[in-house]
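Here is what each chain is made of, one letter per residue.
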2 protein chains.
Amino acid sequence: MITGKNYIGFTPSANGTKTYKTFNPQTNTENEDIFTVATSVEIDQAVALATEAFKRFSKISGKEKAEFLNTIADEILALDTLIETYCKESGLPEGRAMGERGRTVGQLRAFAKLVEDGSWVDATIDTAQPERSPMPKPDLRKMYIGLGPVVVFGASNFPLAYSTAGGDTAAAFAAGCPVIVKSHPMHAGTGELVATAVIKAAQKTNMPDGVFSNINSSGIDVGQQLVKHPGIKAVGFTGSIRGGRALYNLAAEREEPIPVFAEMGSINPVVILPKALSEQGQDWAKTYASSIMLGTGQFCTNPGLLLGIKGKDLDVFIDVLSHEIVKIEPSCMLHPNIKSAYSKNKLRALDQEGITISAEYKTDVKPNYAQQTVLTVNGKTFLENTTLHQEVFGPFSLVVQCESEEELETILYKLEGQLTGTLIAAEGEANAYSGIVSALQNRVGRIIFNGVPTGVEVCPSMVHGGPYPSSTDSRFTAVGTQSIKRWVRPFSFQDWPNYLLPIELQNANPLGILRLVNNKQTADAI
Amino acid sequence: MITGKNYIGFTPSANGTKTYKTFNPQTNTENEDIFTVATSVEIDQAVALATEAFKRFSKISGKEKAEFLNTIADEILALDTLIETYCKESGLPEGRAMGERGRTVGQLRAFAKLVEDGSWVDATIDTAQPERSPMPKPDLRKMYIGLGPVVVFGASNFPLAYSTAGGDTAAAFAAGCPVIVKSHPMHAGTGELVATAVIKAAQKTNMPDGVFSNINSSGIDVGQQLVKHPGIKAVGFTGSIRGGRALYNLAAEREEPIPVFAEMGSINPVVILPKALSEQGQDWAKTYASSIMLGTGQFCTNPGLLLGIKGKDLDVFIDVLSHEIVKIEPSCMLHPNIKSAYSKNKLRALDQEGITISAEYKTDVKPNYAQQTVLTVNGKTFLENTTLHQEVFGPFSLVVQCESEEELETILYKLEGQLTGTLIAAEGEANAYSGIVSALQNRVGRIIFNGVPTGVEVCPSMVHGGPYPSSTDSRFTAVGTQSIKRWVRPFSFQDWPNYLLPIELQNANPLGILRLVNNKQTADAI
């Protein structure tokens, strides 16, 4: 049941007076439930509980953490109004809701497996050499430990997989960090339902009160207070560059600066090499029409920038892409605010000099539905006008017709940091364009060959993150089990008695985890 | 030979008009060599060269990088006036100079071994599952790559091991990042000698011009320009909290924020439990008298804070410590500025209410020699007055007499972040103080049992870094091979053709490195 209350630890709480409702973009009406914005006192309470909970939660075994994570997954699957609530708060279809729930549950279980196995702590042991001269070598043993309470900002475009119990939260729990979720106002009901699942799981598996809180807010004050709070030790965010950068700045200005991992905007450049254009240009145009439209273009890996060398083959590609994309039925955006931002940003692009409209869905659409658009511009204009480098969140792409291979390479080097880059090449063609490949690699976190950037696999070799402004710290990924590294720090024990060491570092290696012992990987006891 | 010039890539350059000299604190006179501060144009040239060099240097093989690093070590050992220059620019004795040179060379060779072996890139491979439904699984392969040009600020207290070719530089080279060193003005001659060794090694091993530059400066402008330069992608710093925080702020305010790893101040709390005090208090007092005096107290791991529960045993400890420490001959500090900061910070501590002087070397000393001091204060006063938490860099320590175990725990939780924490306990005693151990662990990066914090082993399980303000990002270490992680980012290849992949990710695994393939550690080919 949706109560509209915050959860301060396990306790529902609604002491504030400011309220808000969510919105159904499909019916273009407000939903009924009323949510109460958290007060400053409630926020302090949540942080105090999390700080206290960290003392115990940071030390529980991997097995217990795994049980907690798996139980969250079970409880999410047991929520009977989740899919319905998700759909009416996002305008997304049921299939997508089910798929995203599957992804969310899969992520939780992947982290459960990771911590149950235990090797993720990167246990590293250098045993003592008391006889070494001139100085004896001490016994040193290192492993990852949690940073402390983490604040997670839910994403508008992934109400489940990157929100309340999404990737950031799952990774933080796995790391041993309590989580305070700043619920996304567009899907506060979905958020509350998932929050109740997390709390049920925490209680069932005997986790400390404060390991999780869910905080409602409709403006920016609540999030700011959370990020500035001295008890908070790290922040996870998925959203706009403006929002992410504002939080990053706040965190950097604290007396104790804390890490903010913000996954922000990206236009995901796609380079189509000449031979590929000539041999398979029409097929790629069809593929990209679909990729641009996927999820109403509301993916952070949406291909917003297509680059080729100008000529007849690129003209044909643009024609086919334009023809194909307007054949696809427009779909609903997440919220009227997202729709109006889409319209505004599209107009901003259209207003720039040298822009040609290649495709635009013209027929009238329902409110909050987005009309897909493809624009074209030449390389020189794109290079000189960075306004054209800005993301237009939605079913939109800009094709850049470059003068030459050199111009294309220059454009790539001048591009802002991106989550992904894609290379479309014919058999054997890529070898001849190593400069372009290097330039693309320099600007992105993941490079794709003959595919589309949409679709972000959850696995250990995924990197979702990249040079600024696609993320605030390219040294970490937001997707995949390695995202746990954002919330941990290495910790070293020197000459510590064996029985006082965490189990992962004890001589006997009772968990049988892989460890680096005196520079050798082994699961053996010492 | 010392020319006093900058090295912009391989080229000596001195186009500026501002000059400075180094100082011999033992003779209390200026040294003869004249150094020229780099101009704004020279800085731009160094960054441009580094940016260009990165294109090739980021892709050279581990074997070639290892050759470069080992040759730097050889060239440093071949410098015939290095030890003499080191001593006359630091006031440190020859034995220390030789030891630190050994450490520096050892670090370079350790990183050479790391990159020659190659497993450090954390190669992670998830092979494709084209038959998976509803969506085929792509082939994803991930490894670490270098961030780009790195600026390294030399440390005053380690003219070799944490300066020109010290740990930060060695780690950055190993990561594939060109390095621009902002030479420390107190030992600019030592810096130039080492710079010539690096350049010789780069030329001998065919590294690109720009892989290394050495920049002179006597003020803060040069460092600020470097950190603000858009071509710079990360910063390493060892020094004061004020200096490190200023650079961190500059980097966070950039249009593209960049990571700054600053290793800053620490007072390295040492907790002596009651039974240890009663049984071995006098021995520990003697040990700590030496540890506080080591290197004239100019180590970042100097034990500046000793905590015990008040009573007769602690009184005896303080008496013995005081008696022993004044028996040790005072020694020379690095520079008159360091000496005057020591005097000023000591006076600041002495000026606080509730402070007792337990020991102070009273006899007159030579200029720039430091008079060791031990102060005492009660727990309540220490808790309330954070001025007493500030580092006094030099042979100084403050003993806190706590009212109770609870007060000690509270003090630890309220302490600013520290590099190290030490627990002194009698046989079986630690078990009864788990609250204190947890509190200590919460505030530090490395915890030591029955030892001293001075002495930082270079090995994979070392953590030198900790919660702010001991460092700006507790998620990384500044010492040991794992410090390479500061300068790299994970990078993911999706469906990339095998022959175009970096050798570390190719099916055949020609380097035979350890890789995580479909969630299993193996050195096998695919």
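Reading the values: the criteria
- Residues numbered from 1 in each chain as written.
- Chains lettered and ligands numbered in written order.
- Predicted model: local features only at pLDDT ≥ 70, side-chain atom pairs only at ≥ 80, totals over all residues.
- Helix = DSSP H or I, 4+ residues; strand = E, 2+ residues; numbered from the N terminus.
- Buried ≥ 20, exposed ≤ 12 C-beta atoms within 10 Å, placed from the backbone.
- Contact = placed C-beta atoms within 7 Å.
- Nonpolar A, V, L, I, M, F, W, Y, C, P; charged D, E, K, R; others polar.
- Pairing = 2+ DSSP bridges.
- Least-squares fit on C-alpha atoms with pLDDT ≥ 70 in both.
- Axes fitted to C-alpha atoms, helices over the stretch in contact; angles between N-to-C directions.
- Core = buried A, V, L, I, M, F, W, Y, C linked by C-beta atoms within 7 Å.
- Domains from an automatic or database assignment.
- Parallel < 35°, antiparallel > 145°, perpendicular 65-115°, else oblique.
- Left-handed = near helix turned anticlockwise from the far one by under 90°.
- pLDDT = per-residue confidence, 0-100.

1. Observations regarding the overall build of chain A
- Summing up its helical and strand segments, chain A has 14 helices and 23 strands in all.
- Structurally, chain A occupies a C-alpha span of about 75 × 65 × 40 Å along its principal axes.
- Going through the 526 residues of chain A one by one, you find that 59% of them count as buried.
- Of the contacts formed within chain A by residues at least 6 apart in sequence, a portion of 76% connects residues at least 24 apart.

2. Digging into the interface of chain B and chain A
- Facing 53 residues of chain B, the contacting portion of chain A comprises 53 residues.
- Of all the secondary-structure elements, those providing two or more residues to the side of chain B that touches chain A are β7 (124-126), β8 (140-146), α8 (241-253), β20 (444-449) and β21 (488-494) of chain B.
- Per-element tally for the side of chain B that touches chain A: the top contributor is β21(B), with seven residues.
- Per-class residue counts for the side of chain B that touches chain A are 26 nonpolar, 15 polar and twelve charged.
- Pairing geometry for strand β20 (residues 444-449) of chain A and β21(B), over three bridges, is parallel. Its bridge partner being in β21(B), A:Arg446 is matched across the sheet by B:Ser492.

3. Details of helix α5 (residues 167-175) of chain A
Residues and elements named next belong to chain A.
- Counting buried positions over the nine residues of α5 gives nine, a clear majority of the element.
- Those residues of α5 lying buried are Gly-167, Asp-168, Thr-169, Ala-170, Ala-171, Ala-172, Phe-173, Ala-174 and Ala-175.
- Just past α5, the residue Gly-176 takes up positive phi, approximately 90 degrees.

4. Thoughts on the relation of the copies chain B and chain A
- Once chain B is rotated about the relating axis by 180 degrees and shifted along it by 0.0 Å, it coincides with chain A to within an RMSD of 0.0 Å. Such values leave the two copies arranged in the relation of a two-fold axis. When C-alpha positions in chain B are compared against the rotation axis, the closest is assigned to B:Ala252, at 3.3 Å.
- Of the interface residues in chain B, 100% have counterparts in chain A that sit at the interface too, so the contact is made through matching surfaces.

5. So, the sheet that holds strand β8 (residues 140-146) of chain A
- The twelve strands are arranged β23(A)-β22(A)-β7(A)-β8(A)-β21(A)-β20(B)-β19(B)-β14(B)-β15(B)-β18(B)-β17(B)-β16(B) in an open sheet whose pairing can be described as mixed. Looking along the sheet, the strands with just one partner apiece sit at the ends: β23 (520-522) of chain A together with β16 (356-360) of chain B. Each neighbouring strand pair of the sheet contributes to a mean axis angle of 20 degrees, computed without reference to strand direction.
- Examined bridge by bridge, strand β17 (residues 373-378) of chain B and strand β18 (residues 396-402) of chain B share six bridges and lie parallel to one another. Paired with B:Asn378 across the bridge in β18(B) is B:Gln401.

6. Side note on the sheet that holds β20(A)
- With respect to topology, twelve strands assemble into an open sheet ordered β16(A)-β17(A)-β18(A)-β15(A)-β14(A)-β19(A)-β20(A)-β21(B)-β8(B)-β7(B)-β22(B)-β23(B), the strand pairing being mixed. The open sheet terminates on both sides in strands that have one partner only, identified here as β16 (356-360) of chain A together with β23 (520-522) of chain B. For this sheet the average axis-to-axis angle between neighbouring strands, irrespective of direction, equals 20 degrees.
- By the bridge criterion, five bridges tie strand β19 (residues 418-424) of chain A to β20(A) in an arrangement that is parallel.

7. Some points on the pairing of strand β21 (residues 488-494) of chain A
All names here are of chain A.
- Along β21, seven of the seven residues are buried, which leaves the element largely enclosed by surrounding structure.
- Covered by surrounding structure in β21 are Val-488, Pro-490, Ser-492 and Gln-494 together with Arg-489, Phe-491 and Phe-493, the residues of both alternating faces.
- Where β8 meets β21, seven bridges bridge the pair, whose relative direction is antiparallel. Along β21, the bridge assignment pairs Leu-140 with Gln-494.

8. A few points about the nonpolar core
- A:Leu69 and B:Leu69 are the most contacted members of the largest nonpolar core, which has 313 residues in total.
- Each residue touching B:Leu69, except ones within four places of it in the same chain, is listed here: B:Leu108, B:Phe111, B:Ala112, B:Ala170, B:Phe173 and B:Ala174.
- Listed in part, the ten residues of the second largest apolar core include A:Met333, A:Ile338, A:Phe393 and A:Phe396.

9. Brief notes about the domain arrangement of chain A
Residue and element names in this part refer to chain A.
- Its domain assignment divides chain A into domain 1 (6-264 + 476-486) and domain 2 (269-449).
- Each of domain 1 and domain 2 was reduced to a C-alpha centroid, and the two centroids are 33 Å apart.
- Counting residues at the interface gives eleven residues for domain 1 and twelve residues for domain 2.

10. Describing the environment of B:Lys380
Residues and elements named next belong to chain B.
- Inspection of the secondary structure puts Lys-380 in helix α12 (residues 379-384).
- Take Lys-380: there are 15 C-beta atoms within 10 Å of it, and that puts it in the partly exposed class.
- Considering only alpha carbons, one finds Lys-380 and Gly-354, 26 residues apart in sequence, at a separation of 9.8 Å.

11. Let's talk about the environment of A:Asp33
Residues and elements named next belong to chain A.
- Its place among the elements puts Asp-33 in the loop between β5 (29-30) and β6 (35-36).
- For Asp-33, a count of 18 C-beta atoms within 10 Å translates into the label partly exposed.
- For the pair Asp-33 and Val-235, spaced 202 residues apart in sequence, the C-alpha separation works out to 28 Å.
- Those residues within four positions of Asp-33 in sequence are excluded, and the remaining contacts are Ile-2, Gly-4, Lys-21, Thr-22 and Gly-189.

12. Focus on unusual backbone geometry
Residues and elements named next belong to chain A.
- Cis geometry is found at the peptide bond from Tyr-468 to Pro-469, where omega equals 5 degrees.
- Along the chain, Pro-469 turns up in the loop between β20 and β21.
- Phi is positive for Asn-206, which is not a glycine, with a value near 65 degrees.
- By secondary structure assignment, the location of Asn-206 is in the loop between α6 (188-204) and β11 (212-215).
- Judged by C-beta crowding, with 11 C-beta atoms within 10 Å, Asn-206 ranks as exposed.
- For Thr-296, which is not a glycine, the phi torsion comes out positive at approximately 55 degrees.
- Locating Thr-296 in the fold gives a position in the loop between α9 (274-293) and β15 (305-309).

13. Thoughts on the environment of A:Leu516
- Note that A:Leu516 resides in strand β22 (residues 515-517).
- With 19 C-beta atoms counted inside 10 Å, the residue A:Leu516 sits in the partly exposed group.
- For the pair A:Leu516 and A:Ala432, spaced 84 residues apart in sequence, the C-alpha to C-alpha distance is 41 Å.
- If we ignore the near neighbours within four places in the chain, the residues touching A:Leu516 are A:Thr124, A:Gln521 and B:Pro460.

14. Focus on the packing of helix α2 (residues 62-77) of chain A against α6(A)
Residues and elements named next belong to chain A.
- Running from amino to carboxyl end, α2 crosses α6 at an angle of 135 degrees, the nearest separation of the two axes being 8 Å. One element, α2, and the other, α6, form an angle in the oblique class. Seen along the crossing, α2 lies across α6 with a hand that is right-handed. Along its contact with α2, which presents Phe-68, Thr-71, Ile-72, Glu-75 and Ile-76, the element α6 presents Val-194, Ala-197, Val-198, Lys-200, Ala-201, Ala-202 and Lys-204.
- Its residues assigned to classes, the contact of α2 with α6 comprises eight nonpolar, one polar and three charged.

15. Things to note about the confidence of the model for chain A
- For chain A, per-residue confidence averages 97 on the pLDDT scale, and residues scoring 70 or more make up 100% of the total.
- For this predicted complex, the interface confidence comes out at an ipTM of 0.97, alongside a pTM of 0.97.

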